[in-house]
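As a plain string of letters, each chain reads:
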Amino acid sequence: MAEEYRVGGTCVIRGCVPKKLFVYASHFARDFETAKSFGWTIDKAEFDWPTLIANKDAEIDRLNAVYIRNLKAAGAELFLSRATLAGPNTVHIEAEGRDITAKTILIATGGWPFIPEIPGAEHVITSNEAFHLETLPDHITVVGGGFIAVEFACIFNGMGVDVSLLYRGEQILRGFDDDLRDALHDEMIKSGIDVRVMCDVMSIEREGEMFELELKTGHRLQTGLVMYATGRRPNVTGLGLEAAGVEQGPSGQIAVDAWSKTNIDSIYAVGDVTDRVSLTPVAIREGHAFADTVFGGKSIAVDHSDIASAVFSQPEIGTVGLTEAQARERFESVVIYRSTFRPMKLSLSELDEKMMMKLVVDGVSDRVVGCHILGDGAGEMAQLLGIAVKMGATKADFDATMALHPTAAEELVTMREPVKD
Ligand code: NDP
């Protein structure tokens, strides 16, 4: 195995893991607010960013070491070096200046942040750098409307930074259920984030410690830091794909078949570099299926349908299956169940935050084909709902399930009246 930076992948080193630690950190502001309503007095709660960064770095160091230890224990030879393809069976290990050969080669080089080419693009940071900021400015502008933009806007907001989120389209989180998108947008505004849609950035200028953004709307925006979260691209630059004759798709991704094999029989690829579903557990499953297929004597193709996912925004999104719009395209009759309510935990507080649950049901088969949740624990709920949806549970199965009271999730089995068409 060859790795040019640290072992663990984007998720562990500069993605899901440090991000989730930041999410936990940023939740305390709201928790302290809620605590007051339960009679707690918390004097002078203060947040120290350098402490969080140091503790997070120590945890990532620990995980990096665990991965290296596990690899060695499994008998793998590890090259801490950049590697490039030199042919269908040859990999060049740069640090050692030599080629090694293998019967089979697996590429899992992930993705890399994409920044559009606009004047002043050199001033912006991406999520890579956000994990290592020395200080937090008073105001941060996040550009983009996907997973990373939304999560980081909420993280910085929770840490007391004034945040503007600028998105080029009509509504954030394109591809998610429209009710979820609208509801999260409302909640983010209520929590104090300056969310601006239909807002493209034309240029960025540096003025001392500050930055000034020229917006397509004609407005200008002053800010202490600009973070771009405008998508990620397959990490293939200089990888030697041409040398090995590996075919790529339109966005540079490595083209693979259902068994993750490229057009070259000896070369396989899994994870974000193949641009299928860019989520860690999907990459792990693709890797496992590759191992089963090539070395385990079991031919396994990964099923990419009904994958549960979460956006760790505040409040959180958890979702599995089809959106209402996708279901309406696919089925002749669609029945929607939706409930919006104030979570019990906030009932004593002044906080005006709503939770939303939505079930999308195929009107003919009665199968629940989509579940969408906004609120605390939505990701945890979506993981379990994923089992029910994968098993083909019907609305009648949901109805036959006894509620667990008092929980928020009980709403999922007690919604009886469909939303009027
Ligand atoms: P996304 O693809 O989710 O979002 C990219 C955003 O940037 C979209 O809103 C897109 O707008 C916008 N955008 C793209 N190009 C431009 C441009 N030229 N100018 C302005 N805006 C632009 O990517 P992310 O970077 O947020 O995340 C990358 C991937 O990482 C995700 O797709 C996800 O798979 C994974 N991820 C998963 C997480 C999780 O599971 N919780 C957390 C973080 C990342 P438009 O919608 O109009 O195209």
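One structure accompanies this document, and this report is about it. Throughout this document, residue positions are counted from 1 along each chain, in the order its sequence is written. In keeping with the model being predicted, local features are shown solely for residues with a pLDDT of at least 70 and side-chain atom pairs are shown and tallied solely at 80 or more, while totals for entire chains, interfaces and linings include all residues. Values reported for side chains reflect all heavy atoms of the structure, with hydrogen atoms and water molecules removed beforehand.

Quick notes on the overall build of the protein chain
1) Next: Of regular secondary structure, the protein chain possesses 11 helices and 19 strands.
2) Next: Projected onto its principal axes, the C-alpha coordinates of the protein chain cover approximately 65 × 60 × 45 Å.
3) Next: Evaluated residue by residue, the protein chain yields a buried proportion of 45% over its 421 residues.
4) Next: Note on contacts: a residue pair is in contact if any heavy atoms of the two residues lie within 4.5 Å. Of the contacts made within the protein chain by residues no fewer than 6 positions apart, 59% connect residues no fewer than 24 positions apart. The way it works is that DSSP assigns letters per residue, a run of H or I at least four long becomes a helix, a run of E at least two long becomes a strand, and they are numbered from the N terminus. Buried residues are those whose accessible area, probed at 1.4 Å on protein chains only, stays under 20% of the maximum for their type, while exposed residues exceed 50% and partly exposed ones sit between those limits.

Structural notes on the environment of K103
1) Next: Considering the arrangement of structural elements, one finds K103 in the loop between β3 (98-101) and β4 (105-107).
2) Next: Through-space distance from the C-alpha of K103 to that of M159 is 50 Å; in sequence the pair is 56 residues apart.
3) Next: Not counting residues up to four positions away in its chain, the partners in contact with K103 are N89 and S266.

Here's the deal with the site of the ligand
1) Next: Near the ligand, the surroundings consist of 19 residues, among which I148, Y167, R174, S278 and A310 are the closest.
2) Next: We define a polar contact as two N or O atoms separated by no more than 3.5 Å, with the added condition that, inside protein, one atom must be a possible hydrogen donor and the other a possible acceptor, whereas residues neighbouring each other in sequence contribute only through side-chain atom pairs. A distance of 2.8 Å separates an oxygen atom of the ligand from a polar atom in the side chain of Y167.
3) Next: Contacts to the ligand include A310, whose backbone N or O atom sits 2.7 Å from a nitrogen atom.
4) Next: For the ligand, whose accessible area on its own is 910 Å², the fraction buried by protein is 77%.
5) Next: Take the shell around the ligand: its biggest share by element is three residues, from helix α5 (residues 147-158).
6) Next: The classification used treats Ala, Val, Leu, Ile, Met, Phe, Trp, Tyr, Cys and Pro as nonpolar, Asp, Glu, Lys and Arg as charged, and all other residues, Gly among them, as polar. A class-by-class count of the residues in the shell around the ligand yields nine nonpolar, five polar and five charged. Only heavy atoms are used to decide nearness, and a residue is near a molecule or strand if one of them lies within 4 Å of it. Values of accessible area rely on a 1.4 Å probe in the Shrake-Rupley scheme; residue burial ignores everything except the protein chains shown.

Re the side chain of E410
1) Next: Residue placement: E410 occurs in the segment after α11 (395-400).
2) Next: A distance of 2.7 Å separates polar atoms of two side chains, one belonging to E410 and the other to H405.
3) Next: When neighbours within four sequence positions are excluded, E410 is seen to be in contact with A403, L404 and H405.

A look at the pairing of strand β10 (residues 210-215)
1) Next: Direction of pairing for strand β9 (residues 201-207) relative to β10: antiparallel, over a ladder of six bridges. For E205, the partnering residue across the bridge sits in β10 and is E212.
2) Next: From the end of β10 to the start of strand β11 (residues 220-223), which pair antiparallel, there are four residues, and G218 there has a positive phi angle of about 100°. Two strands are counted as paired when DSSP detects at least two bridges linking them.

Thoughts on the sheet that holds β3
1) Next: In spatial order, the strands read β1-β2-β3; together these three strands make up an open sheet with antiparallel pairing. Each edge of the open sheet is held by one strand with a lone partner, namely β1 (83-87) and β3. Across the sheet, the mean angle from the axis of one strand to that of its neighbour is 35°, orientation sign disregarded.
2) Next: In terms of strand pairing, strand β2 (residues 90-93) meets β3 through four bridges, oriented antiparallel. Bridging across to β3, I93 finds its partner in R98. Each axis is a line fitted through C-alpha atoms, and for a helix only the stretch in contact is used; angles between axes span 0 to 180 degrees, taken between their N-to-C directions.

Looking at the packing of aromatic side chains
1) Next: Two aromatic rings from Phe, Tyr or Trp, using only the six-membered ring of Trp, form a pair when their centres are within 6.5 Å; if the ring planes differ by under 30 degrees the pair is stacked, by over 60 it is edge-to-face, and anything between is tilted. Tallied over the full model, the rule gives eight aromatic pairs.
2) Next: Measuring from centroid to centroid gives 5.5 Å for F147 and F176, while their planes differ by 70°, and the two rings are edge-to-face. Of this pair, F147 sits in helix α5 while F176 sits in the loop between β7 (162-166) and α6 (178-190), placing them 29 residues apart in sequence.
3) Next: Judged by relative accessible area, F176 falls into the buried class, the value being 11%.
4) Next: Between the aromatic rings of F152 and F156, the centroid separation amounts to 5.7 Å while the plane-to-plane angle is 50°, which identifies the pairing as tilted. Separated by four residues within a single helix, F152 and F156 lie in helix α5, roughly one turn from each other. Like F152, the residue F156 is buried in the burial classification.

Section: the packing of helix α2 (residues 16-37) against helix α3 (residues 49-73)
Each pair of packed helices can be summarised by the angle the axes make with each other and by the distance between the axes.
1) Next: One way to put it is that α2 packs onto α3 with a least axis distance of 10 Å and a crossing angle of 145°. The chirality of how α2 crosses α3 is right-handed. On α3, the residues touching V17, P18, L21, F22 and A25 of α2 are W49, L52, I53, K56, E59, I60 and L63.
2) Next: Its residues placed into classes, the contact of α2 with α3 shows 10 nonpolar, no polar and two charged. Handedness of each helix crossing follows the sense of rotation of the near helix against the far helix: counterclockwise by less than a right angle gives left-handed, clockwise gives right-handed.

Side note on the pattern of salt bridges
1) Next: In the sections that follow, a salt bridge refers to a side-chain nitrogen of Lys or Arg positioned within 4 Å of a carboxyl oxygen of Asp or Glu. Scanning the entire structure with this criterion turns up 26 salt bridges.
2) Next: The salt bridge partner of D179 is K358, with a shortest N-O separation of 2.7 Å. Note that D179 is positioned in helix α6 and K358 in strand β18 (residues 355-362), a separation of 179 residues in sequence.
3) Next: D265 is the partner of K261 in a salt bridge, and the nearest nitrogen-oxygen pair spans 2.7 Å.
4) Next: Relative accessible area serves as the criterion here: at 23%, K261 is assigned to the partly exposed category.
5) Next: When its relative accessible area of 57% is taken as the criterion, D265 is described as exposed.
6) Next: When salt bridges that share partners are traced, they join D177, D179, E324, R328, R338 and K358 into one network.

Some remarks on the environment of M202
1) Next: Along the polypeptide, M202 turns up in strand β9.
2) Next: Under the relative-accessibility criterion, M202 is labelled partly exposed at 37%.
3) Next: With 197 residues separating them along the chain, M202 and D399 place their C-alpha atoms 51 Å apart.
4) Next: Excluding residues within four positions of it along the chain, M202 makes contact with I118, P119, E214, L215 and K216.

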